[in-house]
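Chain by chain, the residues run as shown.
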Amino acid sequence: MRRWVRSYAGLYIPHRAVCRGHQSPWRFFADVFLKRPPVALVLGPRGGGKSYLSALETHLTSRFDPEHGTRLLGGSLAQSQQAHEALADLARNDPVLEKLTESRALYTNGSEVRVLAASPTSVRGPHVPSLKLDEVDEIDPDTRDAALGMCMNRGSATASVLMTSTWHRVDGPMSKLIERARAGEFPFYSFCIFEVLQRCPEERSGPNLEKCPECPLVSWCHEDRDDDPLHRPKAKRASGHYGIDSLIQKARVVSRRTFEADYLCRGPKADGLWFGEFDPVANVCTSAEFDPNWPVHLAVDSGVYTGAVFFQIVPKPTPTGMVDEVHVFAEYLQDNTPAEHDARAILEVARRHCNGRIAFASTDPAGNSKTAVGPTVLGEYARGGLNNLQFWPSGASVTDGLALVESFLRPADGGTRLLVHPRCEDTIRAFQNYRRAKRAGQWTDQPEDPQHPHEDLIDALRGGLRLRYPEGRCPPPTMNRVPARNVF
């Protein structure tokens, strides 16, 4: 089939992945064409050919399956038409194509392809067996869900939805779709620009790769070399269409954040994120699990949401001495529930994940203020069994507390001193989405307010750490301290 596609369309589709965890473009194309999964999601780079391959699959299905209906929907009408133009490029000289307009392709066997505008009214047309959603990260979820209702079995043709996109919106539609796909809801294919890159010639790299350090792509290209039996860089294993010079030009003119999101498909790192260096690979690890050898800290933030984090401070040896690591191993997040109920639920989390052991429990000083009905939040916590809560230092600024969190997240000496257990999904999302405030078009050193529910977990963590490190992370004093009133 791959040889036939190359002969028919003059198109070579790379069939080997070169990056760890990726699939080849051929893999997604062949699976969608031959197996027709009910839903499939494809994450690919800009210029990587995902829309073109979707158009090729659409054309071949329409060509060989009489009276087959397909609808193309993009994040905008221009994107929908771009996918249609790719179809036109493939089908223009094929005798099975009867009519081609800007929004429609009609085949001699009765098959039809139509372009839809990204609007609620355009996606409520007749039922068809094939639906292609291009740049789904830009399609409003309500419009997307309405479009899915158009796709259904027709005759012998089974319903199949293909969603393709880059991924550059934090907590946007693509983020949620990838979560669902990774949970096993539908097949997920991902490839980056290295899967479709032209092979690097020897005159560029040198016979023994001695010229590689001069290349702006070297840090990414030389990753995962141990995965190859010959320890070749990625560009030496690639066999695609995307020019190396074009990719180098992109690396020189766009930010690292944009390059890694749009071309390496490593997910969005949006402007204005407070914890832009949070890495879901380096900072999320099962080694953050509860360790009975160390005390448990519980920090609770009350408000619209009640957020609580359980963490431990674990000393670790380094060449320059012992350093503290923060291990977040459990969390609690709930909105619009009574404080007494929250207290009981938090204690249940403690029972499940640390045998009910809590050495230090703390909360916001505002928890001692009276509510509209009289009792304090602190009093309600006590009614639920959560007693002896200490207050976070009241004189510390929010930014100082966030700086303390950052000092663990990515210290200047490299590595990380903050680990989050994978089950703490809300805390992970909080790190990935907590944002700075924007004033007069400029990002400030103050957090955006409000930003529930992310702030409720970040505030709990910074408060709990501030109680443990009231003066920041500094060497312990060499002399004992006494209150000033005992001296003067």
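Residues numbered from 1 in each chain as written. Predicted model: local features only at pLDDT ≥ 70, side-chain atom pairs only at ≥ 80, totals over all residues. Heavy atoms only, no water.

Caption draft 1: Representation of the pairing of strand β4 (residues 104-107) within the structure. Two elements, strand β3 (residues 97-100) and β4, share three bridges in a ladder whose sense is antiparallel. Residue pairing for β4: L100 is matched across the bridge by A105. Between β3 and β4, which pair antiparallel and follow one another directly, the connecting turn spans three residues. When β4 meets strand β5 (residues 112-116), the two strands line up antiparallel, connected through three bridges. Its bridge partner lying in β5, A105 is registered against V113. Two successive antiparallel strands, β4 and β5, enclose a turn made up of four residues, where G110 displays a positive phi of approximately 95 degrees. (Pairing = 2+ DSSP bridges. Helix = DSSP H or I, 4+ residues; strand = E, 2+ residues; numbered from the N terminus.)

Caption draft 2: Layout of the nonpolar core. In this structure, L41, L133 and F194 are the most contacted members of the largest nonpolar core, which totals 73 residues. Per-element accounting of this core gives the leading share, six residues, to helix α2 (residues 25-35). (Core = buried A, V, L, I, M, F, W, Y, C linked by side-chain atoms within 4.5 Å. Buried < 20%, exposed > 50% of the residue type's maximum accessible area, 1.4 Å probe, protein only.)

Caption draft 3: Geometry of the sheet that holds strand β9 (residues 297-301). One open sheet holds the six strands; their spatial order is β13-β12-β9-β10-β11-β14, and the pairing between them is mixed. The open sheet has two edge strands with one neighbour each: β13 (390-391) and β14 (418-420). As paired strands, strand β12 (residues 360-363) and β13 are joined by two bridges and run parallel to one another. When the bridges of β13 are listed, S362 appears paired with Q390.

Caption draft 4: Broad picture of empty space enclosed by the protein. Summed over the entire model, instances satisfying the criterion amount to two cavities of 30 Å³ or more. In this structure, the largest cavity encloses a volume near 150 Å³. Taken together, the residues that form the lining of the largest cavity break down as eleven nonpolar, two polar and three charged. As a volume, the second largest cavity reaches approximately 70 Å³. Elements with a minimum of two residues in the lining of the second largest cavity: α3 (50-64), α4 (77-91) and β6 (130-134). At four residues, the largest contribution of residues to the lining of the second largest cavity is made by α3. (1 Å grid on protein atoms, 1.4 Å probe; cavity = no way out; pocket = protein on both sides within 12 Å on 5 of 7 lines; lining within 4 Å. Points joined across faces, edges and corners; volume = space filled by probe spheres on them. Nonpolar A, V, L, I, M, F, W, Y, C, P; charged D, E, K, R; others polar.)

Caption draft 5: Here's a closer look at the layout of surface pockets. Put simply, the largest pocket is a space of about 1700 Å³. The wall of the largest pocket is formed by 47 residues, among which W167, R182, R266, P280 and V281 lie closest to the centre. Those elements that provide at least two residues to the lining of the largest pocket are α6 (173-182), β8 (188-190), α11 (256-262) and α15 (425-433). Among the elements that line the lining of the largest pocket, the one with the most residues is α15, at six residues. Split by residue class, the lining of the largest pocket holds 21 nonpolar, nine polar and 17 charged.

Caption draft 6: Quick peek at unusual backbone geometry. Cis geometry marks the peptide bond from D449 to P450; its omega dihedral reads 0 degrees. If you trace the backbone, P450 turns up in the loop between β16 (442-447) and α16 (454-468). At the junction of H452 and P453, the peptide bond is cis and its omega measures out at 0 degrees in the coordinates. With respect to the helices and strands, the residue P453 is situated in the loop between β16 and α16. The residue E135 is not glycine, and still its phi comes out positive at about 55 degrees. A positive phi is found at H231, a non-glycine position, where the angle reads about 55 degrees. On the secondary structure map, H231 appears in the loop between α8 (218-221) and α9 (234-237). For H231, a relative accessible area of 39% translates into the label partly exposed.

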